[in-house]
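Reading the structure
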Amino acid sequence: TELTVSAWVKTTKDGTIFSQANQEGKWIPDGKTFFIREGRLCYDVGWVGVVTSEREVADGACHHVAFTWNPDSEMVTLWIDGAGVATGHLPPEGPVEEQVIRVGYTATDFPGTSWFTGAMDGVRIHTDGLDGETIRAVAAESGEPMAEAFALRGPETGTFSIDPKGEFVELAFG
């Protein structure tokens, strides 16, 4: 079955967007992960190879990112803001038994920064390979505003405010 995964991301760091791997422990042969490394979008099949974009996405701006996977041709395409930016042939050796799907984390030892740090919104998993026109339409739907999470601890009550661009304005107690 073809697969497309897409999300809005806003980050200045490396980390995982989506993965299919063991529930616990280290990275595995034929595991799959969609992540950011050295600021660039990547898709890796464990011990097979990686496809990497030239364009950076860890620049603090909102970006719509996606990958399409065709198991028949064993081809993956990476998309940033509705544009196809990298394609590669990544033939897995076989299925991974008892894998789990995760958003925001891959494994204890891969990629170098496994946990996603930043804002992620609108994660979609499609059980078909979307074409460029459909990915561009999804990318054009929205992406603003993205809300960052703030936690209040203790007995105090408080409110926080964000502006129309989703930027933090104020945290008030009382």
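Just above sits the structure.
Here the structure is a predicted model, which is why all the values come from computation and not from measurement.

Describing the pattern of salt bridges
- The full count for this structure, using the stated rule, is 3 salt bridges.
- Between Arg55 and Asp81 there is a salt bridge, with its nearest N and O atoms 2.6 Å apart. Of the two residues, Arg55 is situated in strand E5 (residues 49–56) and Asp81 in the loop between strand E7 (75–80) and strand E8 (83–89); the sequence distance between them amounts to 26 residues.
- You can call Arg55 partly exposed: its relative accessible area is 34%.
- Accessibility expressed as a relative area gives 34% for Asp81, which makes it partly exposed.

Concerning the layout of surface pockets
- Estimated volume of the largest pocket: approximately 240 Å³.
- Contributing to the lining of the largest pocket are 15 residues, with Thr1, Leu3, Gln20, Lys32 and Trp69 lying nearest its centre.
- A breakdown of the residues in the lining of the largest pocket according to their chemical character gives 8 nonpolar, 5 polar and 2 charged.

Reading the values: rules and limits
- Residues numbered from 1 in each chain as written.
- Predicted model: local features only at pLDDT ≥ 70, side-chain atom pairs only at ≥ 80, totals over all residues.
- Heavy atoms only, no water.
- Salt bridge = Lys/Arg side-chain N within 4 Å of Asp/Glu carboxyl O.
- Helix = DSSP H or I, 4+ residues; strand = E, 2+ residues; numbered from the N terminus.
- Buried < 20%, exposed > 50% of the residue type's maximum accessible area, 1.4 Å probe, protein only.
- 1 Å grid on protein atoms, 1.4 Å probe; cavity = no way out; pocket = protein on both sides within 12 Å on 5 of 7 lines; lining within 4 Å.
- Points joined across faces, edges and corners; volume = space filled by probe spheres on them.
- Nonpolar A, V, L, I, M, F, W, Y, C, P; charged D, E, K, R; others polar.

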